[in-house]
Amino acid sequence: MRWINRRPSRGATLALQCLPFALLIIAYLIGSAIRLEANPNDKLLPSLATLADTVNRMAFQPDPRTGDYLLWSDTAASLWRLFAGLGISTVLALVVGLLIGLLPLMRATLAPFVAFVSMVPPLALLPILFIVMGLGEASKIALIVIGVAPILIRDLSLSALALPREQIVKAETLSASTWLIGLRVVLPQVLPRLLTSLRLQLGPAFLFLIAAEAISAESGLGYRIFLVRRYLSMDVIFPYVAWITLLAVVGDRLIDLLRRRAFPWSELEGAR
Amino acid sequence: MTALTVERVWKEYGDQIVLENISLEVAPRAFVALVGPSGCGKTTFLRMLLGQEQPTRGRILLDGAPLPPEPGPDRGVVYQRYSVFPHLTVLGNVMFGPELRAGRSLGRTFGATRRRIEDEARAMIAEVGLAGAEAKYPAQLSGGMQQRLALAQALMMKPRVLLLDEPFGALDPGIRADIHVLMKRLWNEVPMTVVMVTHDLREAFSLATRVIAFERTRNRPEELERYGATITKDIALWPPRVAGQRTMFEVDTLPGRDDPALFAGESGTAR
């Protein structure tokens, strides 16, 4: 049988999915064991016991200085910034993206501008944001918005434009006004696509968040990583990175679940 | 009294002349089939009737008044594809027009208005033979059922003119025959004028009261750009078909006409 026709069974699929993760963990354990054997005080690849110890200290014991449970307070601070940034970006994308996709006049006015802005490297703007908006929450949220919103806007306006012209004309023959076409024909059909592109933007959003936190913050996942970097605390950095990744994966899955629940038709074959 | 008047209409895109000097009077309740080779401007002409495009010269009147420059609820349309909204169920698609008309701010209706629209929509769905499929999405329907849905959706607005752009071109012959029967019944029962673009002559002659052929009269390569298509044939069917009345040859559509043998004897008539 050709390789192209061989399909794993369900159990085999599960095993194959776990395999790369298992290999990564095993490679880490071996590397860690080798280094720790050479030098028990090695900080680069801490043992599982050290990692568990650190996670316990960060997550379940209050910090002696502030009394906070650091992992959770960092997570809360970071997620708040992330949600605020993505929320503002989504609203902007809906309003501006639909205007561009729907109205030729707005398209002529805004499309080249948005295309231009989306090419500005957001991290290059970070100093300006810090100078103008201060070192507080606003500049971090603004960085996420500047990084994510233009992409969302362009994607949304493109998917609004990709709707067949026939549908718009059809809606006109059903007595729809411009507003009603936007509200009842275009908006519901681009929302699933918006959720998908939001999923794809989760990675960049985390990138901007951590970059902003690394430079100036008082709490947050990125702040903590860059803080303990000074002490070579790999036992903190590794769990934090894993935790950030897990948060991103869960967010990705939740958004996709929301799309499938809220827009069952978008899963059907032939419905775009 | 004419439903549609087309007066010396030309359509040009830049230097390219697509249609030249089209004049046409269409009687109310007529069923006009536009035929012609690909690229001869049939669909462009239909778009001008729809208001999606404007004639370069000449004018089009609907019931004596100039056509508004954009599509509106007095002219319904069914395309070959993309006629129905994939995000609405069958019931939602059929209710869509009346809901948009009644709820100008949200495009939704509530309470008694909604119940009335829903009852009308359910009756219309049954009329086109889609009863039982109300909760399905268009992607779950076959091509023939989607076109039935598109007809139902358009007819809910009670348009004065129904424009059909190769509506049955993508359907299997059997399904197409079924939907022809439906189309004929709807034309007989609903007070509307129908203009249909088709490339299927058999379809044109079996449905229409009048068949109009668009053709380029000059086809030499150097003439292609400067000469457009025009009306070359205008055939009124005989015996004349009149909406709501039978022609002398026609019999009732046989119930349970799934058996092709029942229908075989009728080929060659004007049906």
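The structure displayed is predicted, hence computed values, not measured ones. (Residues numbered from 1 in each chain as written. Chains lettered and ligands numbered in written order. Predicted model: local features only at pLDDT ≥ 70, side-chain atom pairs only at ≥ 80, totals over all residues.)

Trainee: Explain the overall build of chain B to me, please; I cannot follow it from the model alone.
Mentor: Counting its regular elements, chain B contains seven helices and 10 strands. Burial analysis of chain B (271 residues in total) assigns 40% to the buried set. Restricting to contacts in chain B with at least 6 residues of sequence separation, those with at least 24 account for 68%. (Helix = DSSP H or I, 4+ residues; strand = E, 2+ residues; numbered from the N terminus. Buried ≥ 20, exposed ≤ 12 C-beta atoms within 10 Å, placed from the backbone. Contact = placed C-beta atoms within 7 Å.)

Trainee: Looking at this structure, I do not really get the overall build of chain A. What am I missing?
Mentor: When its secondary structure is counted, chain A shows 10 helices and zero strands. Along its sequence from the N terminus, chain A presents helices and strands in the succession α-α-α-α-α-α-α-α-α-α. Expected size for 272 residues packed as a compact globule is a radius of gyration near 19 Å; at 24 Å, chain A overshoots this value by more than 25%. Its C-alpha atoms give chain A principal-axis dimensions of about 75 × 65 × 30 Å. Of all intrachain contacts in chain A linking residues separated by at least 6 positions in sequence, the fraction that spans at least 24 positions is 68%. (Rg over C-alpha atoms; globule rule 2.2 N^0.38 Å.)

Trainee: Whenever I open this one, unusual backbone geometry confuses me. Can you help?
Mentor: Note on backbone geometry: most residues besides glycine have negative phi, and most peptide bonds are trans. Although it is not a glycine, L232(A) sits at a positive phi angle of roughly 55°. Looking at the secondary structure, you find L232(A) in the loop between α9 (221-228) and α10 (234-262). Despite not being glycine, R8(B) has its phi angle at roughly 40°, a positive value. In this structure, R8(B) sits in strand β1 (residues 4-13).

Trainee: Please explain the environment of I255(A) as it appears in this structure.
Mentor: Residue and element names in this part refer to chain A. Relative to the helices and strands, I255 resides in helix α10. By the C-beta count within 10 Å, which is 17 here, I255 ends up partly exposed. Remark: the alpha-carbon pair of I255 and D63, spanning 192 residues in sequence, is separated by 33 Å.

Trainee: I'm lost on the nonpolar core in this one. Help?
Mentor: Side chains of nonpolar character tend, in soluble globular proteins, to be buried together. Within the largest apolar cluster, 112 residues are counted, with the highest numbers of intra-cluster contacts made by I144(A), V32(B) and L34(B). If one sorts the elements of this core by residue count, helix α8 (residues 178-215) of chain A sits on top with 13 residues. Taken domain by domain, this core gets at least three of its residues from each of domain 1 (1-74 + 160-241) and domain 2 (85-158) of chain B. Ignoring any residue separated from it by four or fewer positions in sequence, one finds V32(B) in contact with V26(B), V194(B), V195(B), A208(B), R210(B) and I212(B). (Core = buried A, V, L, I, M, F, W, Y, C linked by C-beta atoms within 7 Å. Domains from an automatic or database assignment.)

Trainee: Looking at this model, I keep getting lost on the confidence of the model for chain B. Mind explaining?
Mentor: Note that predicted coordinates carrying low pLDDT should not be read in detail. Residues and elements named next belong to chain B. Overall, the predicted model of chain B reaches an average pLDDT of 86, with 90% of residues at or above 70. Within chain B, helix α2 (residues 90-102) carries the highest mean pLDDT (94), whereas helix α7 (residues 260-264) carries the lowest (46). Every residue in residues 259-271 scores below 50 in pLDDT, and together they form 11 contacts with partners more than four places removed in sequence or on other chains. Two numbers describe this predicted complex: its pTM, 0.83, and its ipTM, 0.85. (pLDDT = per-residue confidence, 0-100.)

Trainee: Sorry, what's going on with the interface of chain A and chain B here?
Mentor: Quoted interface sizes are often the accessible area lost when the parts come together. Contact with chain A, which involves 22 residues of that partner, is made by 24 residues of chain B. Mapped onto the side of chain A that touches chain B, the elements with two or more residues apiece are α7 (165-173) and α8 of chain A. Its residues assigned to classes, the side of chain A that touches chain B comprises 11 nonpolar, five polar and six charged. (Nonpolar A, V, L, I, M, F, W, Y, C, P; charged D, E, K, R; others polar.)

Trainee: For this particular structure, what's the right way to read the pairing of strand β2 (residues 16-26) of chain B?
Mentor: Successive side chains on a regular strand alternate, one facing one side of the sheet and the next facing the other. All names here are of chain B. One ladder, built from seven bridges, connects β1 with β2; its direction is antiparallel. Bridge assignment links Y13 to a residue of β2, and that residue is Q16. Here β1 folds back onto β2, and the loop between the two strands holds two residues, one of which, G14, carries a positive phi near 60°. (Pairing = 2+ DSSP bridges.)

Trainee: What is the right way to look at the domain arrangement of chain B in this model?
Mentor: Residues and elements named next belong to chain B. As assigned here, chain B comprises domain 1 (1-74 + 160-241) and domain 2 (85-158). Taken over C-alpha atoms, the centre of domain 1 sits 26 Å from the centre of domain 2. On the side of domain 2, 11 residues touch domain 1, which itself brings 12 residues to the contact. The greatest single-element share of the side of domain 1 that touches domain 2, amounting to five residues, is contributed by helix α5 (residues 173-189). Here the residues of the side of domain 1 that touches domain 2 are counted per class, giving 11 nonpolar, no polar and one charged.

Trainee: Just checking my understanding: could you explain the environment of L246(A) for this structure?
Mentor: Residues and elements named next belong to chain A. By secondary structure assignment, the location of L246 is in helix α10. Given 10 C-beta atoms within 10 Å, L246 falls into the exposed group. Through-space distance from the C-alpha of L246 to that of I128 is 31 Å; in sequence the pair is 118 residues apart.

Trainee: It is not clear to me how the environment of Q140(B) should be interpreted in this structure. Could you clarify?
Mentor: All names here are of chain B. Note that Q140 resides in the loop between α3 (111-127) and α4 (143-155). On the basis of neighbour count, Q140 is assigned to the partly exposed category, with 17 C-beta atoms found within 10 Å. As a C-alpha pair, Q140 and E20 span 120 residues in sequence and 43 Å in three-dimensional space.

Trainee: Could you clarify how one ought to interpret the confidence of the model for chain A in this entry?
Mentor: Summary statistics for chain A give a mean pLDDT of 91 and a share of 99% for residues scoring 70 or more. Looking at the elements of chain A, mean pLDDT is at its lowest for helix α2 (residues 48-60) of chain A, recorded as 89, and at its highest for helix α1 (residues 10-38) of chain A, recorded as 94.

Trainee: Whenever I open this one, the packing of α8(A) against α10(A) confuses me. Can you help?
Mentor: Think of two packed helices as two axes; the pair is described by the angle between the axes and how far apart they sit. Residue and element names in this part refer to chain A. Axis separation between α8 and α10 bottoms out at 9 Å; the angle between their running directions is 175°. In terms of axis orientation, α8 runs roughly antiparallel to α10. Across the interface between the two elements, P192, L195, T196, L198, R199, L202, G203 and F206 from α8 touch I244, A248, G251, D252, I255, D256, L258 and R259 from α10. Here the residues of the contact of α8 with α10 are counted per class, giving nine nonpolar, three polar and four charged. (Axes fitted to C-alpha atoms, helices over the stretch in contact; angles between N-to-C directions. Parallel < 35°, antiparallel > 145°, perpendicular 65-115°, else oblique.)

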